[in-house]
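Here is how the chains run, residue by residue.
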Amino acid sequence: MTMLLSLIIGLGLFFAIGWSSRLAMHAVAPAQHKPIYRDMPLTAAFGIAVILIYVLVATLAPLIAPFGEGEVVGDQYLPWAAPYHLGTDKLGRDMLTRLIYGARNTVGIAFATTALAFVVGSILGIWAALQGGWVDQVLSRFVDALMAIPALIFSLLLLTIFGTSVLTLILVIAAVDATRVYRLARSVSQGIVVMDYIEAARLRGEGTWRLIRREILPNAMAPLVAEFGLRFCFVFLAISALSFLGLGIKPPTADWGSMVRENATLITFGDITPLLPAGAIALLTVAVNFVVDWQLHRASGLKE
Amino acid sequence: MTDIWRMIARRLLLGLLTLFVISLVIFGATELLPGDLARELLGQSATEETLAALREQLGLNDPAPVRYWNWLTGVLQGDFGVSMATQKPISELVGARLGNTLFLALYAAALSVPLSLLLGVLAALWRNSIFDRASNAMALTSISFPEFFVAYILVLFLAQTGIFPSMVRITAATTFGDRIYMAFLPALTLTLVVTAHMMRMTRAAIINLLASPYIEMARLKGMSPLRVVLRHAVPNALAPIINVVALNLAYLITGVVVVEVVFVYPGLGQLMVDAVTNRDIAVVQAIALIFAAAYVLLNLIADVLSTITNPRLMHRR
Amino acid sequence: MDKQVLLTIKGLQIEGRSGDAWHKIVKGVDLTLHKGEVLGLIGESGAGKSTLGLAAMGFARDGCRISGGTIDFDGINLRTAPEADRRALRGKRIAYVAQSAAASFNPAHKLIDQYCEGPVIHGVMSREKAEADAVELYRRMRLPNPEEIGFRYPHQVSGGQLQRAMTAMAMACRPDLIIFDEPTTALDVTTQIEVLAAIRDIVRQFGTAAIYITHDLAVVAQMADRIKVLLRGDEVEEADTRTMLAAPREDYTRSLWAVRSFARAEQAPASGTPVVSVRNVTAGYGAVDILKDISFDIHARRTVAVVGESGSGKSTAARVITGLLPPRRGEILMGGKPLPASFKARSRDELRQCQMIYQMADTALNPKLRLRELIGRPAEMYLGLKGRALEDRIRELLALIELEPDKYIDRLPSELSGGQKQRIGIARALAAEPALIICDEVTSALDQIVQEGILKLLDRLQSELNLAYMFITHDLATVKSIADEVVVMQQGVVVERGPKSDLFANPREDYTNLLLSSVPEMDPDWLTRLLAARGGNA
């Protein structure tokens with residue numbers, strides 16, 4: 001019964017948010033872009049709205065949160081009642097406050113990691129595709145070998161060796177993920193490099209940097225941007241998984257993955273509080289995926 | 001036909017080579033550390049004696065190539081060394097747990113592969129219908145869920161009422177039937193996570209082919225939509241679908257770690273997480289190698305299968 | 001011929017979706033086809049002829065819809081009939097032959113399995129009978145080894161043979177109507193003849209009605225009893241083949257007919273040092289030699305056409321000259337001086353001297369750059385032009401290729417038509433102020449009227465700017481209109497070379513003769529005469 005009810009409420013919220021966000025974007029958009037927003041699917045509109053809300057919460061965290069990030073405010077595991085609207089955790093910290101700070105920490109770290117992986121992976125990937133020959137062979141075989149080890153397993157191995165701090169976490173995940181970005185950037189660029197306009201530019205005598213900057217990158221942007229969204233989801237989920245396993249972001253920093261871990265015992269008593277941070281992770285990933293899916297669909301045009 | 005065998009032999013060799021490189025990476029990763037591994041593992045407060053003991057135990061006094069050789073020859077004989085934390089031989093720790101993890105992975109595969117192929121083909125057949133849109137949105141949603149979220153939701157709804165156990169206690173004496181029953185929730189969690197991916201990729205692989213001129217030709221020959229998909233699209237989609245399945249089964253390996261922790265399932269994943277927490281490097285290396293080997297093997301099988309199903313490669317001019 | 005009506009289309013309208021809007025592809029076309037009659041549908045790209053052909057089967061591609069009019073096939077209304085009924089007709093009473101047989105055969109199944117699918121599923125005959133029948137039809141289509149060829153996979157059979165196998169497959173249920181959608185467009189001229197002859201014979205033998213879609217007038221003249229001309233989804237005119245060829249009523253039709261008459265004035269014989277000389281070049285990839293000891297010269301103000309069928313090595317020759325493929329033996333001279341083999345070793349000035357125009361303007365122009373940068377870059381790079389001077393030069397170049405500078409300078413390639421894109425390709429080559437321009441099949445992706453415009457432009461630029469052209473093409477009509485000298489290539493060897501007039505008047509080599517005689521002519525009796533002349537064993 002509760003399941004059905006929550007499903008109905010969830011769907012209602014989804015349609016309400018999606019619909020109003022689409023209307024808002026349609027109203028704000030400049031005239032020549034209006035049709036894009038008029039026909040965007042509700043899922044994408046919902047996704048954009050959710051992403052905006054997360055960004056807002058993350059930037060304004062200290063202003064919105066009722067208590068301090070690591071502040072112990074009461075007894076442990078208090079039920080949902082004012083002033084602790086979502087109760088307290090096992091150390092007696094306010095759950096709502098930690099959820100809000102989690103947006104800043106978890107999402108921020110995931111974003112920084114993705115950005116790092118992206119810059120490294122895509123530059124190397126494009127360069128390898130353009131150069132071909134031994135540069136491509138050496139880089140690609142090296143990446144192949146690294147990719148033959150499952151990502152999470154490889155991250156665990158590296159974290160064992162280097163220890164678990166936020167900085168090593170970022171570097172390790174970025175390194176593992178850069179291999180995936182490299183693969184995509186290389187294959188996208190390989191499709192572009194065989195084009196006649198690249199041959200023409202080479203025959204004209206253009207240098208490598210200009211070829212990358214003016215001839216390849218503008219044409220590789222669309223798939224790379226979509227990939228950024230997807231990679232962000234992977235990184236975000238990977239960091240959350242590691243934190244959940246107790247190997248990622250450590251307390252007292254508020255982080256959604258470790259919040260689930262710390263309070264997991266509540267679940268067996270039928271208390272859904274530990275599902276809130278897990279749900280917060282899921283919601284953002286869903287939102288990003290919805291937007292990426294829409295973009296990919298638009299890019300593929302009338303293919304289907 | 002000899003071409004095919006030559007190609008398969010080449011793939012096998014390449015697989016072996018990959019495994020060798022992986023063993024190098026897994027072993028060599030410890031060399032990346034700028035300082036002393038023993039001090040890094042034991043912390044600043046360690047005494048010189050304990051450090052020396054650990055160095056001796058890890059063989060850190062030998063040059064790296066010698067250590068690698070000893071480690072590799074040991075591994076090939078099934079000897080992974082001794083766990084630092086428990087002082088037990090690693091092969092003993094790994095033995096039974098490997099079986100449990102394999103059981104869970106195969107269980108999840110048996111549920112997810114048929115389900116996702118069916119859903120994928122149906123979604124491609126009825127593309128842009130309500131069914132397609134709904135299943136696409138559902139799939140996207142479940143792809144986005146962290147494994148532990150899915151697991152806890154299942155616990156909340158299925159274990160709370162006492163239908164299935166939320167913790168898996170498996171011993172050597174547990175019967176097969178009991179195993180199936182007790183491992184149901186972890187297997188279902190993995191199935192939900194993997195099915196979405198596999199279904200979407202199957203659908204994409206088939207739809208990609210539906211744009212081919214030979215599909216239009218089949219339709220213009222008056223063939224029914226079902227026949228067009230099953231007889232004309234699927235045989236050509238086999239290679240991509242096989243790769244999709246392999247990719248997702250390989251993903252199970254990763255998923256297994258988190259799911260085992262949630263359900264306290266006595267498998268390799270749990271062991272690995274404990275070992276990482278204790279920085280028990282020899283155990284982590286051993287398990288990483290096992291997971292990577294499974295991953296390489298899966299990709300190898302997929303490679304060979306997709307070669308065999310490609311008529312252009314099977315029937316040369 | 002009995003005059004019983006088979007297919008009647010009235011006021012047919014078909015719309016296609018682009019983005020969110022629907023636009024009309026076919027705008028109210030009428031069509032009547034009698035039993036056993038062959039109707040030729042001709043028009044340029046975008047005329048809606050393929051869409052119309054498919055509509056005759058009650059079929060619209062994904063993203064298209066039939067929005068008005070009636071389609072009546074032998075008393076059955078194909079617009080209102082249930083999908084199951086239409087499906088029962090397709091393949092059984094109305095069959096389809098696609099442009100690219102290589103892509104339209106399913107790579108996963110043997111030819112005979114694909115042949116038998118129709119007759120067995122439609123319940124026309126048993127599998128055994130269908131197999132026997134297939135062999136008979138393969139024989140009539142003059143396929144080699146008719147007993148055995150069906151048991152091959154599509155990738156094991158050549159393009160021309162596949163096209164004939166596909167026609168046999170269309171005949172499997174002895175349909176009343178076959179739609180031929182450009183069945184020979186992808187084939188070489190010498191192969192085209194065999195396929196045309198086979199199709200014509202089998203259609204006549206079984207008295208099958210056909211709609212023959214093509215953009216090639218000379219081809220349709222051989223195949224059709226009547227011709228209908230389409231332009232942007234509208235009918236221009238329709239008449240008997242002979243009447244239409246002899247006396248077209250409409251201006252548009254006349255302009256189509258006139259295209260092939262463009263021929264430039266014969267130039268004075270070549271003299272002086274050639275701009276580029278190819279000396280005994282042997283080149284290839286891996287262990288295979290694609291080019292075997294080829295030599296030819298190109299002089300200023302002259303056009304050398306390099307002709308040959310696919311696989312003859314004509315594009316490889318261009319790659320050797322530009323330095324993309326260093327030759328194994330032999331050398332390239334420019335103005336009498338040897339050029340470094342690889343473009344990487346050539347100086348900027350040597351690179352500037354030799355420019356290239358590509359077949360597909362779509363892939364030759366970076367879609368993300370504006371025309372200003374596309375055309376301006378070579379001028380900036382080679383000639384050091386900047387600011388005002390560069391801007392003036394870009395505008396001058398645009399004017400030279402007959403595009404209005406103010407209107408076009410800030411456009412993206414996607415905002416241009418196919419012919420305009422090709423003009424930009426020309427302007428980019430001109431911006432470098434080269435001595436030689438290599439034109440690689442520059443007109444073959446374009447409609448005939450647009451082709452003519454490009455050829456005239458190239459001709460004018462040549463005399464104004466003293467350019468030398470190397471013109472790579474498989475289309476002998478283009479050679480006739482623009483070349484001064486012709487180099488005929490076959491399998492990597494120069495078979496024959498010489499001035500155009502000599503070569504066309506009395507070809508010395510058998511292959512040249514075969515190639516020249518295979519080019520379809522507008523005369524409806526041409527194919528019959530040719531086959532008779534070749535002894536009926538084409």
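Rules and cut-offs
For every chain, the first residue of the written sequence is number 1, and numbering continues from 1 onward in sequence order. Throughout, the order in which chains and ligands are written sets their labels, letters from A for the former and numbers from 1 for the latter. Two thresholds apply to this predicted model, a pLDDT of at least 70 for residue-level local features and 80 or more for giving and counting side-chain atom pairs, whereas whole-chain, interface and lining totals are computed over all residues. Hydrogens are left out, water is left out, and the side-chain values use all remaining heavy atoms of the structure. Salt bridges are defined by distance alone: a side-chain nitrogen of Lys or Arg within 4 Å of a carboxyl oxygen of Asp or Glu. Helix numbers and strand numbers start at the N terminus; a helix is a DSSP run of H or I with at least 4 residues, a strand a run of E with at least 2. Here the term buried applies to any residue with accessible area under 20% of the maximum for its type, exposed to any over 50%, and partly exposed to those in between, with areas from a 1.4 Å probe on protein chains only. By definition, residues are in contact when any of their heavy atoms lie within 4.5 Å. The term buried area means the drop in 1.4 Å probe accessible area that two parts suffer when joined, counted for both and summed. N or O atoms within 3.5 Å of each other form a polar contact, as long as, within protein, one can give a hydrogen and the other can take it, and as long as residues adjacent in sequence are counted only when both atoms are side-chain atoms. Multiplying one less than the number of residues by 1.5 Å gives the expected span of a helix. Here the bend at a residue is taken as the angle between two axes, fitted respectively to the seven residues that end there and the seven that start there. Each Phe, Tyr or Trp ring, with Trp reduced to its six-membered ring, pairs with another whose centre is within 6.5 Å; inter-plane angles below 30 degrees give stacked pairs, above 60 give edge-to-face pairs, and intermediate values give tilted ones.

Participant: Mind showing me how you'd approach the pattern of salt bridges here?
Facilitator: Pairing is possible between side chains of opposite charge, provided their charged atoms come close. Scanning all chains against the criterion turns up 62 salt bridges over all chains. With a closest N to O distance of 2.4 Å, R142(C) and D201(C) form a salt bridge. In this pair, R142(C) is assigned in the loop between α5 (127-140) and α6 (146-149) and D201(C) in helix α8 (residues 189-206), connecting sequence segments 59 residues apart. What makes R142(C) partly exposed here is its relative accessible area of 35%. D201(C) gets classed as partly exposed once you look at its relative accessible area, which sits at 24%. What emerges from the salt-bridge pattern is a single network uniting R204(A), E206(A), R210(A), R214(A), E373(C), R377(C) and E380(C).

Participant: What is the right way to look at the environment of V155(B) in this model?
Facilitator: Within the fold, V155(B) resides in helix α7 (residues 147-159). C-alpha separation for the pair V155(B) and L119(B), spaced 36 residues apart in sequence, amounts to 25 Å. When near neighbours in sequence (up to four residues on either side) are disregarded, V155(B) contacts I267(A), Q160(B), S166(B) and F263(B).

Participant: So what exactly am I meant to see when it comes to the interface of chain C and chain A here?
Facilitator: In many reports, interface size means the accessible area that the parts give up when they come together. Taken together, the contact between chain C and chain A spans 25 residues of the former and 18 residues of the latter. Both faces considered, chain C and chain A share a buried interface measuring about 2000 Å² in area, 54% of it formed by carbon and sulfur atoms. Of all residues in chain C, Y358(C), T363(C) and R377(C) give up the largest surface area on contact with chain A, accounting jointly for 25% of the area buried on that side. Across the chain C-chain A interface, the total number found is four salt bridges. E373(C) is the salt-bridge partner of R214(A), the closest N and O atoms lying 2.7 Å from each other. Counting across the chain C and chain A interface gives 11 residue pairs in polar contact (both at pLDDT 80 or more). Within the residue set of the side of chain C that touches chain A, elements represented by two or more residues are β1 (5-18), α12 (314-322), α13 (348-353), α14 (361-364) and α15 (371-383) of chain C.

Participant: Mind showing me how you'd approach helix α4 (residues 95-131) of chain A here?
Facilitator: Residue and element names in this part refer to chain A. In this model α4 runs 53 Å from its N-terminal to its C-terminal C-alpha over 37 residues, within 8% of the 54 Å that 1.5 Å per residue would give. Of all the bends in α4, the greatest measures close to 35° and is centred on G102. G132 occupies a position one or two residues after α4 and carries a positive phi of about 60°.

Participant: When you look at the packing of aromatic side chains in this model, what are you seeing that I'm missing?
Facilitator: How two aromatic rings sit relative to each other is given by the distance of their centres and the angle of their planes. In the structure shown here, the tally under the stated rule is 19 aromatic pairs over all chains. With 5.9 Å between their ring centres and 90° between their planes, Y54(A) and W256(A) make a pair best called edge-to-face. Of this pair, Y54(A) sits in helix α3 (residues 42-64) while W256(A) sits in helix α10 (residues 256-263), and the two are 202 residues apart along the sequence. For the pair formed by Y54(A) and W256(A), the shared burial category is buried. Between Y68(B) and W71(B) the ring centres are 6.3 Å apart and the planes differ by 40°, which places this aromatic pair in the tilted class. In this pair, Y68(B) and W71(B) are both assigned in helix α4 (residues 64-76), three residues apart and thus about one turn of the helix distant. The exposure class assigned to Y68(B) is buried, which follows from its relative accessible area of 11%.

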